[in-house]
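Below, each chain spelled out in residue letters.
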Amino acid sequence: MVIILSKGHGTGFSSKTIHVVNSENFTEYHIENPLDIIKNNVTTKIISDNEVEIKIGETVSHIKLKDIPFELSQLYPEKIAKISYENYIDYEISSNTIKVIVGVEGDYLKYIGDIKIEYDFKDSKFKMKDISFKKQV
């Protein structure tokens, strides 16, 4: 049984938690925290106040605010001073797979992209199977 709970939400803000419970004995399976997964697998480097580099494994993504089309520019921060991940965490179940999307903020509630994590069930726990980054478009 899968239970997804909303910890909080608002304009640009959504934080959810997930619980997977064995319906036969009502024990809960451990799910690796997405923020811990990001901490251990993602590195960021602020190159300037309008450019950031995000690296996952050998994949490097560059985000340059000056390259954003004008019609989308209000969705992005004016300057990047700090990268954070806590304000958008959204779980979903698709094809019997748990997935979570974590927003990557360049400023408070101004997202530059998403980190998507897929989980796999191993050793009686849900652990990261795959992690990727997608620029906000």
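All values reported here derive from a predicted model rather than from experimental measurement. (Residues numbered from 1 in each chain as written. Predicted model: local features only at pLDDT ≥ 70, side-chain atom pairs only at ≥ 80, totals over all residues. Heavy atoms only, no water.)

(A) Just the sheet that holds strand S5 (residues 51-56), in detail. Taking strand neighbours across the sheet as the criterion, the three strands line up as S4-S5-S6 in an open arrangement whose pairing is antiparallel. Pairing within the sheet leaves two strands with one partner each, and these edge strands are strand S4 (42-48) and strand S6 (59-64). For this sheet, the mean angle separating the axes of adjacent strands, direction not counted, is 20 degrees. (Pairing = 2+ DSSP bridges. Helix = DSSP H or I, 4+ residues; strand = E, 2+ residues; numbered from the N terminus. Axes fitted to C-alpha atoms, helices over the stretch in contact; angles between N-to-C directions.)

(B) Representation of the pairing of strand S9 (residues 110-122) in the model. Alignment of strand S8 (residues 97-107) against S9, held across eight bridges, turns out to be antiparallel. From the neighbouring strand, Ile 101 faces S9, where its bridge partner is Lys 116. Taken together, S8 and the strand that follows it, S9, pair antiparallel across an intervening segment of two residues, in which Leu 109 is found at a positive phi of about 60 degrees. Pairing geometry for S9 and strand S10 (residues 125-135), over ten bridges, is antiparallel. For Asp 120, the partnering residue across the bridge sits in S10 and is Lys 127. Hairpin connection, S9 to S10: the antiparallel pair is bridged by two residues, and Asp 123 has positive phi, about 50 degrees.

(C) How the structure looks around the packing of aromatic side chains. Counting across every chain of the model gives four aromatic pairs. Measuring from centroid to centroid gives 6.3 Å for Tyr 29 and Phe 126, while their planes differ by 80 degrees, and the two rings are edge-to-face. Here Tyr 29, found in strand S3 (residues 28-31), pairs with Phe 126, found in strand S10; they are 97 residues apart in sequence, far enough to count as distant. According to the relative accessible area criterion, Tyr 29 is partly exposed, its value standing at 23%. Given a relative accessible area of 15%, Phe 126 falls into the buried group. Ring geometry for Phe 121 against Phe 126: centres 4.8 Å apart, planes inclined by 55 degrees, an arrangement best described as tilted. An aromatic cluster is built from Tyr 29, Phe 121 and Phe 126, whose rings are joined through pairwise contacts. (Phe/Tyr/Trp six-rings, centres within 6.5 Å; stacked < 30°, edge-to-face > 60°. Buried < 20%, exposed > 50% of the residue type's maximum accessible area, 1.4 Å probe, protein only.)

(D) How the structure looks around the side chain of Lys 99. In this fold, Lys 99 is placed in strand S8. Salt bridges are absent for the buried Lys 99, whose nearest opposite-charge side chain, Glu 118, sits at 4.3 Å. Those residues within four positions of Lys 99 in sequence are excluded, and the remaining contacts are Asp 90, Tyr 91, Glu 92, Ser 94, Lys 116, Ile 117 and Glu 118. (Lys, Arg positive; Asp, Glu negative; His and termini not counted. Salt bridge = Lys/Arg side-chain N within 4 Å of Asp/Glu carboxyl O. Contact = heavy atoms within 4.5 Å.)

(E) Highlighting the nonpolar core. In this structure, Ile 115 and Tyr 119 are the most contacted members of the largest nonpolar core, which totals 29 residues. Listing elements by their share of this core, those giving two or more residues are strand S2 (13-21), helix H1 (34-41), S5, strand S7 (88-94), S8, S9 and S10. Beyond its immediate sequence surroundings of up to four residues, Ile 115 is in contact with Ile 38, Val 42, Tyr 85, Val 100, Ile 101, Val 102, Val 104, Ile 131, Ser 132 and Phe 133. (Core = buried A, V, L, I, M, F, W, Y, C linked by side-chain atoms within 4.5 Å.)

(F) Seen up close, a nonpolar patch on the surface. Together, Met 1, Ile 3, Leu 5 and Phe 26 make up an exposed nonpolar region whose accessible area comes to about 410 Å². Its location among the elements puts Ile 3 in strand S1 (residues 2-10). In this structure Ile 3 comes out as partly exposed when scored by relative accessible area, which is 32%. (Patch = residues over 30% accessible without salt bridge, like charges linked within 9 Å, V, L, I, M, F, W, Y side chains within 5 Å. Areas by Shrake-Rupley, 256 points an atom, 1.4 Å probe, with all protein chains shown as cover.)

(G) Inspection of the environment of Ile 56 at higher detail. Looking at the element boundaries, Ile 56 is found in strand S5. Non-local contacts of Ile 56, meaning those with residues more than four positions away in its chain, are made with Asn 41, Val 42, Ile 131, Ser 132 and Phe 133.

Any functional reading would require information beyond the geometric quantities listed.
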